[in-house]
Amino acid sequence: MTDPVKFDVSKVPDAAGQACGGGGGGGGELSYIWVANSSQNTISKINTKTIIEEGRYWTRPDQNGSPSRTSVNLGGDVAVANRIGGITKVIAVTDNCDPMNNGVPGLQTSSGANDILGWGQDDCTAWHTPLNYSANRPAAWTFGTLNLGTCEYEDTKFWTAAANGSGANAHAMRLNGDTGAIEDDVLLTGFQVNGYGPYGGAVDPDENFWTIAHSSGYLARVDGDDLTVSVWVSNVSAYGFTIDEFGRPWIGGLSGQTAVFDPETEQFTYLNGGGLGMGQAANGIMWQATHPSQTAVRGWDINTLQIVKEIPLPVSSTRGVSVDIDGYVWFVEVGNRAFKIDAVAETYEVYDQLVGAYTSSDMIGVEVGGAVKNVLAIGAGISDGLG
């Protein structure tokens, strides 16, 4: 693979071969994990190096919405989908926030878990796009174009999908990453959903958007160029979702299986081991929250499709998995805790100030494969797929 590396920093350090490149593996200056506090209707920004929460933000104007899915772009900014409708973008690096965004001179923004500013008061909340749907979950950024003059990514887009009730009525929407304006709205013809609507979302290395339907085998792709829709059906009761560095969708199942889909052959490979949220590490290990036994994270070798490790955790409800810029595996339970796991030593540290957390998607933005067209970290935008 020779694709460019994805960073979760706003200004990317120099590296051989590209003016704004970098070495990954801890070379970045900043690294954040974004966790949706579903029952509090907020999202937390936690520094993965210090395990300190540096900001917490409302995700809808009415301070409601039940946020769950996140996706982090190449600048580290997050966009979060509210289950009952609406997308909100929050800027990661405060220097990039507009100090006049709220109409008051000077920067006003959250400083931590107990400092949540009122809606419209936080200068780092970039935009909110209302969506009139009863089920809105998928979240996936595109890559954008690297400006070698500013070392920033431009013209990024954001994909989501939503539905009202069950049936073949789901829509995929592509938003302008800077403004939140809906630029494309695509009916997912032939894609059947239940009341949960489209359940997980990801963007592959060719910037096509993929989504699954909860507890069924439906898998859909929207071509990023001509917006045509393709649909396949697996034998997996789908729940978790991501895309690996080879552009293959992974579907975590509720019934003891995981499916890997090859877009070239249009064939599913079924693995023995069900699971929920997933994210790929730089070393080619796909980490997955286990299911039905929700007490561990499991590592698959993406080349051999074999289980290489399983790390037990003191939890009873697994959900989201992501990998940070230093290679630590992050696991979020349903509740108040996030675990930072050293997968080699099989030790962990815990952050326990979350509120009804329920995150299963691209939480960090140092991903590889899927939502980002690069090779150094986890299946991005991508390990999206729960609740």
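All values reported here derive from a predicted model rather than from experimental measurement.

S.K.: Quick rundown of the pattern of salt bridges? Include the residues and the values.
M.R.: A full pass over the atoms with the stated rule returns 10 salt bridges. Between Asp 184 and Arg 174 there is a salt bridge, and its shortest N-O distance comes to 3.0 Å. A residue pair is termed long-range when its members are at least 10 positions apart, and Asp 184 in strand 14 (residues 182-187) and Arg 174 in strand 13 (residues 171-176) qualify at 10 residues. Its salt-bridge partner being Glu 333, residue Arg 337 comes within 2.6 Å of it at the nearest N-O pair. Judged by its relative accessible area of 7%, Glu 333 falls in the buried class. Put simply, Asp 155, Lys 157 and Glu 183 are held in one network by salt bridges that share partners.

S.K.: Could you give an account of the sheet that holds strand 30 (residues 347-351), with specific residues and numbers?
M.R.: The strand order across the open sheet formed by four strands is 27-28-29-30, and the pairing between neighbours is antiparallel. The sheet terminates laterally at strand 27 (318-323) and strand 30, the two strands that pair on one side only. On average, each strand axis in the sheet is tilted by 25° relative to the strand beside it, whichever way the strands run. Of the strand pairs in this sheet, strand 28 (residues 329-333) and strand 29 (residues 338-342) are connected by four bridges, and their pairing is antiparallel. Pairing of Trp 330 across the sheet is with Lys 340, part of strand 29.

S.K.: Could you give an account of the pairing of strand 22 (residues 267-272), naming the residues involved and the relevant values?
M.R.: Of the pairings in the sheet, the one linking strand 21 (residues 257-262) to strand 22 comprises six bridges and is antiparallel in character. For Phe 261, the partnering residue across the bridge sits in strand 22 and is Phe 268. Between strand 21 and the antiparallel strand that follows it, strand 22, lie four residues; Glu 266 among them carries a positive phi value of about 60°.

S.K.: Give me the lowdown on the layout of surface pockets, citing residues and values where you can.
M.R.: For the largest pocket, the calculated volume is near 460 Å³. For the largest pocket, the lining is made up of 21 residues, of which Asp 77, Lys 89, Ile 91, Tyr 153 and Asp 178 are closest to its centre. Put simply, the parts of the chain that give the lining of the largest pocket at least two residues each are strand 7 (125-129) and strand 11 (152-154). Per-element tally for the lining of the largest pocket: the top contributor is strand 11, with three residues. Its residues assigned to classes, the lining of the largest pocket comprises seven nonpolar, six polar and eight charged.

S.K.: Can you tell me about the state of the cysteines, naming the residues and giving the values?
M.R.: Under the counting rule described, the total for this entry stands at one disulfide. Note that Cys 97 is cross-linked by a disulfide to Cys 124, the S-S spacing being 2.0 Å. Across the disulfide from Cys 97 to Cys 124, rotation about the S-S bond amounts to roughly 105°, and the bridge is consequently right-handed. Of this pair, Cys 97 sits in the loop between strand 6 (87-90) and strand 7 while Cys 124 is found in the loop between strand 6 and strand 7, placing the two residues 27 residues apart along the sequence. A residue is classified by how much of its surface remains accessible, and Cys 97, at 7% relative accessible area, is buried. Since its relative accessible area comes to 0%, Cys 124 is described here as buried.

About the cut-offs
- Chains are numbered independently. Their residues run from 1 in the order of the written sequence.
- The model is predicted, so local features are restricted to residues of pLDDT at least 70 and side-chain atom pairs to those at 80 or more, both for listing and for counting; the totals for chains, interfaces and linings are taken over all residues.
- Only hydrogens and water are set aside; all other atoms, that is, all heavy atoms of the structure, feed into the side-chain values.
- Any Lys or Arg side-chain nitrogen found within 4 Å of a carboxyl oxygen on Asp or Glu counts as a salt bridge.
- Numbered from the N terminus, helices here are DSSP runs of H or I no shorter than four residues, and strands are runs of E no shorter than two.
- Think of it in three bands: with a 1.4 Å probe and only protein chains considered, a residue is buried below 20% of the maximum accessible area for its type, exposed above 50%, and partly exposed in between.
- Note on pairing: two strands pair once DSSP finds at least 2 bridges between them.
- Axis geometry follows a simple rule: fit a line to the C-alpha atoms, using only the stretch in contact for helices, then measure angles between N-to-C directions, giving values from 0 to 180 degrees.
- For each structure, a 1 Å grid was placed over the protein atoms alone; sets of points admitting a 1.4 Å probe that cannot get out are labelled cavities, open sets with protein on both sides within 12 Å along at least five of seven lines are labelled pockets, and lining residues have an atom within 4 Å of a point.
- Grid points are joined across faces, edges and corners, and a volume is the space filled by probe spheres set on the points.
- For this classification, Asp, Glu, Lys and Arg are treated as charged, while Ala, Val, Leu, Ile, Met, Phe, Trp, Tyr, Cys and Pro are nonpolar and the rest, including Gly, are polar.
- Disulfides are defined as pairs of cysteine sulfur atoms found within 2.5 Å of each other.

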